[in-house]
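What the coordinates show
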Amino acid sequence: KERKAINFDLLTSKTIKSKRIGLSKNDIKDSFLENLFFHIGRVPKGATIMDYYQALAYTVRDRVFKEFVTTVKRISDEDLRVVAYLSAEYLPGPHLANNLLSLGITEQTAAAMAELGIDMEELILQEEEPGLGNGGLGRLASCYLDSMATIGIPSIAYGIRYEFGIFEQHIKNGLQEEYTDKWLQYGNPWEVVRSEIGYNIMFGGSTKHVTDSNGNFTVNWIPDSKLRGTAYDTPILGYKGYGSILRLWRAEAIDTFDFSAYNKGDYYKAVQEKILSENITKVLYPNDEQETGKELRLKQQYFFVSCSLQDLIRLHLLQGRILDTLHEKFAIQLNDTHPAIAVAELMRLLVDDYQIDWDKSWNITQRCFGYTNHTLLPEALEKWSIPLFRRVLPRHLEIIYEINHRFVQELKYQHGCSDEQLSRMALIDHSGEGSIRMAHLATVGSHKVNGVSALHSELLKKHVLYDFAQLWPDKFCNVTNGISPRRFIALSNPLLTGLITETIGSGWLTDLKELSKLENMAEDPTFQNKWMAIKQTNKASLSDHIKLETGISVDPSMMFDVHVKRIHEYKRQHLNVLNILHLYLQIKKGNNKDMIPMAFIFAGKAAPGYFMAKLIIKLITAVGDLINQDTEVNDKLKVIFLPDFSVKKAQHIYPAADLSEQISMAGKEASGTGNMKLSLNGALTIGTLDGANVEMMEEIGMDNFFLFGLNAEEVQHKKQGNYKPGDHYVHNLHLREVMDFLISGALSPENPKLFQPIYEQLLYDDPYMIMADFESYLISRAKVYEEWGNQSNWTKKSIINVARMGKFSSDRSIQDYSSLIWKIDSFQNRP
Ligand code: F58
């Protein structure tokens, strides 16, 4: 039956407007009370702080939804091209404060709450953030969503609604312990379940190839299990901008209850299917740079990809279009290879379900997809074993074989590739039991492939995807990562935001290049004083937090040296520790006359199965235990490990940093984004020529950046030569002292051999060239101390750092994606 469309203008009509979307203090107060009484069902007397938080969240969500539906209407009316961002991970951080900022209602909301006797800040603290990612890659996806919505790039982001996100990290006796994350335990007021938007997903079984009486060939996939993916939508609001949506899929059983089994008296079997189905989206795999090849992980990937593509097809057809034009209406971006199975799945949907011929389907597929690579680490490059793949996705294996066959033919007959080249480039690796190279599938199935920093994109073309870059040079491009200035300065550093805005106006929040106007002020003593006072306040606030969390007092006048990110050998937290031990030994020897008091602040999670990373955490805490309690040193040094790093914690730490540690071995960190967040908050960087550090240094200038270490080429060269880390031990007295101290037992009297594995690895193998870079690190650090001695000069450099960070806004990254890859115009550029 034809339904009459509701007049959209009703949405902005007076009654609805004032009741649900008004932005004045009184409207917000009324909505809050309404939500508290009628949505939560509470009277003020019985209401808990959580009830208040939720009532406010619903109040804000209504207003966010208004912007979202307005944007969707425009996309639909103007029939616009849309980005579909596919990512297995997102780390949005808490929504409430960000949405208040985007709506521009922080002040009136605080006032409305104050009139009710409620402290809004306290409500903001109630929010559990969705920890649906491991680190940089997931946070990048969220920064990009923020920017797409801010600039007005029509977008929809797809992912997985993990019931348990990244584990909670507790530190007991200096060791990491993992606890399940319970982000959903009090419900999630930001999401709306769309029970009617769901798709059936099949697994396993076999395929049947049939030719009907007319000679038409079809393939039937006869799965051995099916489940359903249901959409959970979180509206995303750009800064004073447009709406977007984060659509996360949750796995459910199709029939929640097996009545036949129940009737036979087997109650457990009756619910078994439900339990098995729900397992798919139960938990996030907590590995940051290691692929585990687990069946459940493949199922997660396929599950969310298939739901997302089916959803895109539904949306496309809903607009009255035909599938031949799918690539004209959607640009689908693959955030690393985790969603790369999408290439085979789209082919399956087009060829098997919609009977479009192979060549046409392949053309649509290649024109839809773009692939972003985020790593050069061999252990992080995804490969799926063929037997496992066949068991889970038999039809996709056939499709991948077919793609591979055609690709290899093309290489051979059109490009005259040698057998060696063919075997290097094929989608299938025939060694051992055979495996599928997902980066190759993504590369072949996309029209554009990008790295995430200039250096990384070059190395990608030189090494990991060398043959492909030779074959299709135009397919490869670079989009340097960026960060959201809304989240990482406006929200997290309100004092600095206030000073900047009062000095140069507020345009910088949507055009970060405007920060360059601060440069005029870099030497102004009054401005410098204000700048320093803000840093001091932020440091005092972090000190309070550290005291609360760890019991350790840190004097805010110390230099705050910050090293926060996932714990990984290539990120070299242990290089930092070796230097701390060096300082400690110097103090003990009495060489501490002019030593600058320093607080070393670490935070980050280690993958639960990563022995060395966990040992590095233990090392940091052991060094902390030794130093923080020793009255001979603890007025000069403090070492802190802040547990359970998250977006929320990060927002607290970045504004308080004086020095940012970006010391990965050159050639390993694809980009890094923590480097950008710290610099944007006025920290100076000590770093290697790795990832986006290279471009940061170009922008900020050599004089305002502490560079050290081998570059990527030198690392390569040394590796190919006869690198002997032991030589550095022999020739560098300081290094010898700290290495000897490491195994002296002083750090772990109860188990003197505890740190032997680190010691031995550094001395005999040193894959991350810590021994080679130690001396250069110390020399660079000496410059840090010297510069710190002149606070006015340091502050000038801090101001310059911020002023020159314009390039690293995620708005710029999204503009690059839009022009280089997606070919989508923002609302801002449309009439
Ligand atoms: C990170 N990758 C890069 N992967 O390491 C970092 O240099 C870059 O800045 C960032 O991506 C954004 O481009 C990363 O965070 C993961 O966490 C994956 C999670 C799933 C398993 C494989 C690693």
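Sequence order as written defines residue numbering, which begins from 1 separately in each chain. Note on the predicted model: pLDDT of at least 70 is required for a residue's local features to be given, and 80 or more for side-chain atom pairs to be given and counted; whole-chain, interface and lining totals, by contrast, use all residues. Side-chain numbers here rest on the full set of heavy atoms in the structure, without hydrogens or water.

Strands here mean DSSP runs of E at least two residues long; helices mean DSSP runs of H or I at least four residues long; both are numbered from the N terminus. Counting its secondary structure elements, the chain contains 34 helices and 22 strands. Its C-alpha atoms give the chain principal-axis dimensions of roughly 90 × 70 × 65 Å. Each residue is assigned to one of three classes by its accessible area relative to the maximum for its type, calculated with a 1.4 Å probe on protein chains only: buried under 20%, partly exposed between the two thresholds, exposed over 50%. For the chain, with 831 residues in total, the buried portion stands at 60%. Within the chain, contacts between residues separated by at least 24 positions form 76% of all contacts whose residues are at least 6 apart in sequence. Each accessible area value is a Shrake-Rupley result obtained with a 1.4 Å probe; residue values ignore everything except the protein chains displayed when judging cover. Total accessible area on the chain stands at roughly 32800 Å², and carbon and sulfur atoms take up 51% of it. Seen as two clouds, the 91 positive and the 103 negative side-chain charges of the chain have centres 3 Å apart. Note on contacts: a residue pair qualifies if any of its non-hydrogen atoms lie within 4.5 Å across the two residues. Asp and Glu count as negative and Lys and Arg as positive, but His and the ends of the chain are not part of the count. Every charge is mapped onto a representative atom, which is NZ of Lys, CZ of Arg, CG of Asp or CD of Glu.

Two strands are said to pair when DSSP picks up at least two bridges between them. Here we have six strands laid out as an open sheet, ordered E19-E18-E17-E20-E21-E22, and parallel in their pairing. Both edges of this open sheet fall to strand E19 (637–642) and strand E22 (706–707), since each of them pairs with a single strand only. The pairing of strand E17 (residues 559–564) with strand E18 (residues 598–603) spans six bridges and is classified as parallel. Residue His563 lies in a different strand from E18, and its bridge partner there is Phe602.

This part is about the pattern of salt bridges. Salt bridge, as applied in this entry: a Lys or Arg side-chain nitrogen positioned within 4 Å of an Asp or Glu carboxyl oxygen. Tallied over the entire structure, the rule returns 51 salt bridges. A salt bridge links Arg250 to Glu252, with the nearest nitrogen and oxygen atoms 3.0 Å apart. Here the two residues Arg250 and Glu252 agree in accessibility, since each one is buried. With a closest N to O distance of 3.4 Å, Glu295 and Lys299 form a salt bridge. One end of the pair is Glu295 and the other is Lys299, both in helix H10 (residues 295–318) and four residues apart, which spans about a single turn. Residue classification places Glu295 among the partly exposed positions, given a relative accessible area of 29%.

Across soluble globular proteins, you tend to see nonpolar side chains buried next to one another. To form a nonpolar core, buried Ala, Val, Leu, Ile, Met, Phe, Trp, Tyr and Cys residues must be joined to one another through side-chain atoms within 4.5 Å. Counting residues in hydrophobic clusters, the biggest one holds 120 residues, and the most contacted among them are Phe303 and Trp822. In terms of residue count, H10 provides more of this core than any other element does, nine residues in total. Leave out the neighbours within four places in its chain, and Trp822 touches Arg81, Val83, Met148, Ile153, Ala331, Gln333, Ile814 and Tyr817. Counting 79 residues, the second-largest nonpolar core is a separate cluster that includes Val64, Leu100, Leu499 and Ala657.

What follows covers the sheet that holds strand E5 (residues 192–203). Taken in spatial order, the nine strands make up an open sheet running E5-E8-E9-E2-E1-E10-E11-E15-E16, and their pairing is mixed. Pairing within the sheet leaves two strands with one partner each, and these edge strands are E5 and strand E16 (476–478). Taken over all neighbouring pairs, the strand axes of this sheet differ in orientation by 25° on average, direction set aside. Note on method: axes are straight lines fitted to C-alpha atoms, helices fitted across the in-contact stretch only, with angles between N-to-C directions ranging 0 to 180 degrees.

Along the chain, the position of His563 falls in strand E17. Using a relative accessible area of 1% as the deciding quantity, one classes His563 as buried. Once residues lying within four places of it in the same chain are set aside, the contact partners of His563 are Lys571, Arg572, Gln573, Asn576, Ile601, Phe602, Ala603, Glu661 and Ile663.

A separate point is the site of the ligand. Proximity is defined per residue: if any heavy atom of the residue lies within 4 Å of a molecule or strand, that residue is considered near it. Asp288, Glu289, His374, Glu669 and Gly672 are the nearest of the 19 residues found near the ligand. One nitrogen or oxygen atom from the side chain of Asn481 is found 2.8 Å from an oxygen atom belonging to the ligand. Two N or O atoms form a polar contact when they lie within 3.5 Å of each other; inside protein one atom must be a possible hydrogen donor and the other a possible acceptor, and for residues adjacent in sequence the pair counts only when both atoms belong to side chains. Backbone polar atom of Ser671 to an oxygen atom of the ligand: 3.0 Å apart, as the coordinates give it. Within the complex, the protein chains bury 95% of what would otherwise be the 520 Å² of accessible surface of the ligand. A per-element tally of the shell around the ligand places helix H7 (residues 136–151) first, with three residues. Think of it as three bins: nonpolar holds Ala, Val, Leu, Ile, Met, Phe, Trp, Tyr, Cys and Pro, charged holds Asp, Glu, Lys and Arg, and polar takes everything else, Gly as well. Among the residues making up the shell around the ligand, the classes are represented as five nonpolar, eight polar and six charged.

A few words on the packing of H7 against helix H34 (residues 810–822). At a minimum axis separation of 9 Å, H7 and H34 run at an interaxial angle of 80°. Here H34 runs roughly perpendicular to H7, going by the angle between their axes. Every residue of H34 that contacts H7 at Cys143, Tyr144, Ser147, Met148 and Ile151 is listed here: Ser810, Asp811, Ser813, Ile814, Gln815, Tyr817 and Trp822. Classifying every residue of the contact of H7 with H34 by side-chain character gives seven nonpolar, four polar and one charged. Working definition: roughly parallel below 35 degrees, roughly antiparallel above 145 degrees, roughly perpendicular at 65 to 115 degrees, and oblique for all remaining angles.

At their nearest, the axes of helix H2 (residues 25–39) and helix H3 (residues 49–77) sit 8 Å apart, and the two run at 120° to each other. With respect to H3, the element H2 is oriented oblique. Of the two possible hands of crossing, H2 and H3 adopt the one that is right-handed. Between H2 and H3, the residues in contact are Asp27, Ile28, Ser31, Phe32, Asn35, Leu36 and His39 and Asp51, Tyr52, Ala55, Leu56, Tyr58, Thr59, Asp62 and Arg63, respectively. In the contact of H2 with H3, the residues fall into seven nonpolar, four polar and four charged. Take the far helix as your reference; a near helix turned counterclockwise from it by less than a right angle gives a left-handed crossing, and one turned clockwise gives a right-handed crossing.

Moving on, we get to the UniProt feature "modified residue: N6-(pyridoxal phosphate)lysine" (unreviewed entry) in the chain. On the UniProt side, "modified residue: N6-(pyridoxal phosphate)lysine" (unreviewed entry) is annotated at positions that read Lys677 here. Among the secondary structure elements, Lys677 is positioned in helix H26 (residues 674–680). Filtering out sequence-adjacent residues up to four positions away, Lys677 remains in contact with Arg139, Ile483, Phe488 and Tyr654. UniProt positions are given in the numbering used here, feature names are shortened, and annotations may be inferred rather than shown by experiment.

Pairing of aromatic rings covers Phe, Tyr and the six-membered ring of Trp, with a centre-to-centre limit of 6.5 Å; geometry is then stacked below 30 degrees between planes, edge-to-face above 60, and tilted otherwise. Taken as a whole and judged by the stated rule, the model has 20 aromatic pairs. With 5.6 Å between their ring centres and 50° between their planes, Tyr584 and Phe741 make a pair best called tilted. In this pair, Tyr584 is assigned in helix H23 (residues 573–588) and Phe741 in helix H30 (residues 733–742), connecting sequence segments 157 residues apart. Here Lys299 stacks its cationic end above the ring of Phe203, 5.5 Å away from the centre of that ring. A ring is considered to have a charge above it if a Lys NZ or an Arg CZ atom is located within 6 Å of its centre and within 35 degrees of its normal.

Taken as a whole, H30 has its buried residues at Leu735, Val738, Met739, Phe741 and Leu742. The arc enclosing the buried residues of H30, seen along the axis, measures out at 160°, which places them on a common side. As for H30, its buried residues are in contact with H23, helix H24 (611–628), helix H29 (725–731), helix H31 (756–764) and helix H32 (770–788). With a side-chain oxygen positioned 3.0 Å from the backbone nitrogen of His734, the residue opening H30 is Asn732. Think of the arc as the fan of directions from the helix axis to the C-beta atoms.

Here we come to the state of the cysteines. Throughout, a disulfide means two cysteine sulfur atoms within 2.5 Å of one another. This model, assessed by the stated rule, comprises zero disulfides. Summary of cysteine pairing: Cys143 is not part of a disulfide, and the nearest cysteine sulfur, belonging to Cys477, is at 20 Å. The buried category is assigned to Cys143, whose relative accessible area is 1%. Here Cys477 is not cross-linked by a disulfide; its sulfur's nearest cysteine counterpart is in Cys368, at 17 Å.

Turning to unusual backbone geometry, a few remarks are in order. Positive phi is not limited to glycine here, since Lys240 has a value of about 45°. Looking at the element boundaries, Lys240 is found in the loop between strand E8 (225–237) and strand E9 (243–252). A positive phi angle, close to 55°, is found at Lys823, a residue other than glycine. When its relative accessible area of 57% is taken as the criterion, Lys823 is described as exposed.

Glancing now at the confidence of the model for the chain. For the chain, per-residue confidence averages 96 on the pLDDT scale, and residues scoring 70 or more make up 97% of the total. Across the interface, the model reports ipTM at 0.99; the global pTM reads 0.97. On a range of 0 to 100, pLDDT expresses the predictor's confidence in each residue.

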